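What follows is each chain in one-letter form.
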Amino acid sequence: MKEQLALLRELQHIDLELDEIQSKKDQIVARLKENTSFLDKLVQDLNAQKEELEEIRTLQRRKKDDLAEIKEQLSVRQKRLREVTSAKEYSAVEKEIDSLKKSAEQTEEELLHLLEVVESTESSIKEKEDKIVQLREGIASDEGEAEKQLAALDDKIKALKDRQEEARGEVSRRVIHKYDFIRSRRPGLAIVAAKDGHCEGCYMALPPQQFIEIQRGQTLEICPSCNRILYFWEDAVDEEPLPDKVEA
Ligand SMILES: [Zn+2]
């Protein structure tokens, strides 16, 4: 059984490394996705702003037509003012001229304001376009880098899976089944050390008789508290320690 447990520890090492590599891959993919969705959002904003600018320009053209129309009417009235004979009509035309002048002034002010809006919208569009170009370049180089990283991680996965298959082939079906079952139930460690009479996975004291059995290493022993497979700690002192990050 001690040999089987040593194989399980090796297998666990491989599995934990595979977990870590997978989470690195996930992080890379998530980062790329985040970049792309940020860019998409910016492009959407840009398109919305371009539409807005078109609307403002349409309004601008309409106001210019309005102003031309008002000026036309104004000149007609001014001509008539020179031709009228009655004082009553004169005053009526004069009133119309006043009101048209006011409209012209107001429309000119509106046009001035629209011009400002057009200019600020144009500069904001330019800014966004520059930013998008920059982002696209950044994303392209980031993607190139990420592809390399992912390929390197895939190579590692391939090598680990080969070792994993080999190690699994040497463990008895009953033991591997137990190991897989524990791993399917909880992430992290499936096989833990028993030391000084307690389980190093959950730190609960083990029944003294069970601790003796674990030292003998002839049976598959399971922690009664955390249900993990146990091995005698001294059997693994020469082995590579587990990665720091792993939580028991
Ligand atoms: Zn335990």
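Everything below is about the structure printed above this text.
Residues numbered from 1 in each chain as written. Predicted model: local features only at pLDDT ≥ 70, side-chain atom pairs only at ≥ 80, totals over all residues. Heavy atoms only, no water.

K.L.:
What should I look at first to understand the overall build of the protein chain in this one?
P.N.:
Secondary structure assignment for the protein chain yields four helices and four strands. For the protein chain, the spread of C-alpha atoms along the three principal axes comes to 130 × 35 × 25 Å. For the protein chain, contacts bridging at least 24 residues in sequence account for 75% of all contacts bridging at least 6. A total accessible area of about 16400 Å² is found for the protein chain, and carbon and sulfur atoms account for 50% of it. Both charge centroids of the protein chain, one from 42 positive and one from 56 negative side chains, sit 4 Å from each other. (Helix = DSSP H or I, 4+ residues; strand = E, 2+ residues; numbered from the N terminus. Contact = heavy atoms within 4.5 Å. Areas by Shrake-Rupley, 256 points an atom, 1.4 Å probe, with all protein chains shown as cover. Lys, Arg positive; Asp, Glu negative; His and termini not counted. Charge placed at Lys NZ, Arg CZ, Asp CG, Glu CD.)

K.L.:
Hey, could you run me through the pairing of strand S1 (residues 191–195) in this one?
P.N.:
Each regular strand displays side chains that alternate between the two surfaces of the sheet. Most of S1 is tucked away, with four of its five residues classed as buried. Examined bridge by bridge, S1 and strand S4 (residues 229–232) share four bridges and lie parallel to one another. Across the sheet, the residue bridging to Val192 is Leu230, located in S4. In terms of strand pairing, S1 meets strand S2 (residues 198–199) through two bridges, oriented antiparallel. Within the sheet, the bridge partner assigned to Lys195 lies in S2 and is His198. As consecutive antiparallel partners, S1 and S2 are separated by two residues, and within that stretch Asp196 has a phi angle of approximately 50°, a positive value. (Buried < 20%, exposed > 50% of the residue type's maximum accessible area, 1.4 Å probe, protein only. Pairing = 2+ DSSP bridges.)

K.L.:
What's the story with the nonpolar core in this structure? I'm lost.
P.N.:
The tendency in soluble globular proteins is for nonpolar side chains to be buried side by side. Counting 17 residues, the largest nonpolar core has Leu5, Leu8 and Ile229 as the members making the most contacts within it. At the level of secondary structure, the elements contributing two or more residues to this core comprise helix H1 (2–83), helix H3 (173–185), S1 and S4. Apart from residues no more than four positions distant in its own chain, Ile229 is found in contact with Leu5, Leu8, Lys178, Tyr179, Ile182, Ala190, Ile191, Val192, Leu220, Glu221 and Ile222. (Core = buried A, V, L, I, M, F, W, Y, C linked by side-chain atoms within 4.5 Å.)

K.L.:
Just to check I follow, could you spell out the coordination of the zinc ion for this structure?
P.N.:
Distances from the zinc ion to its protein donors, Cys199 (SG), Cys202 (SG), Cys223 (SG) and Cys226 (SG), fall within 2.2 to 2.3 Å. Relative to the metal, the four donor atoms surrounding the zinc ion lie at angles of 103 to 114°, and the coordination shape comes out tetrahedral. Residue Cys223 is classed as buried on the basis of its relative accessible area, which comes to 1%. (Donors = N, O, S within 2.8 Å, 3.2 Å for Na, K, Ca; no water. Tetrahedral: all angles 85-135°; square planar, octahedral: opposite > 155°, others 65-115°.)

K.L.:
Honestly, the packing of H1 against H3 in this entry has me stumped. Any pointers?
P.N.:
Packed helix pairs are specified by the crossing angle of their axes together with the interaxial distance, meaning the distance between the axes. Orientation of H1 relative to H3, taken along the N-to-C sense of each, is 35°, at an axis distance of 11 Å. In this structure, the crossing between H1 and H3 has a hand that is right-handed. Contact with H1, carried on its side by Gln4, Leu8, Leu11, Gln12, Asp15, Leu16 and Asp19, involves Val175, Ile176, Tyr179 and Arg183 of H3 and no other residues of that element. (Axes fitted to C-alpha atoms, helices over the stretch in contact; angles between N-to-C directions. Left-handed = near helix turned anticlockwise from the far one by under 90°.)

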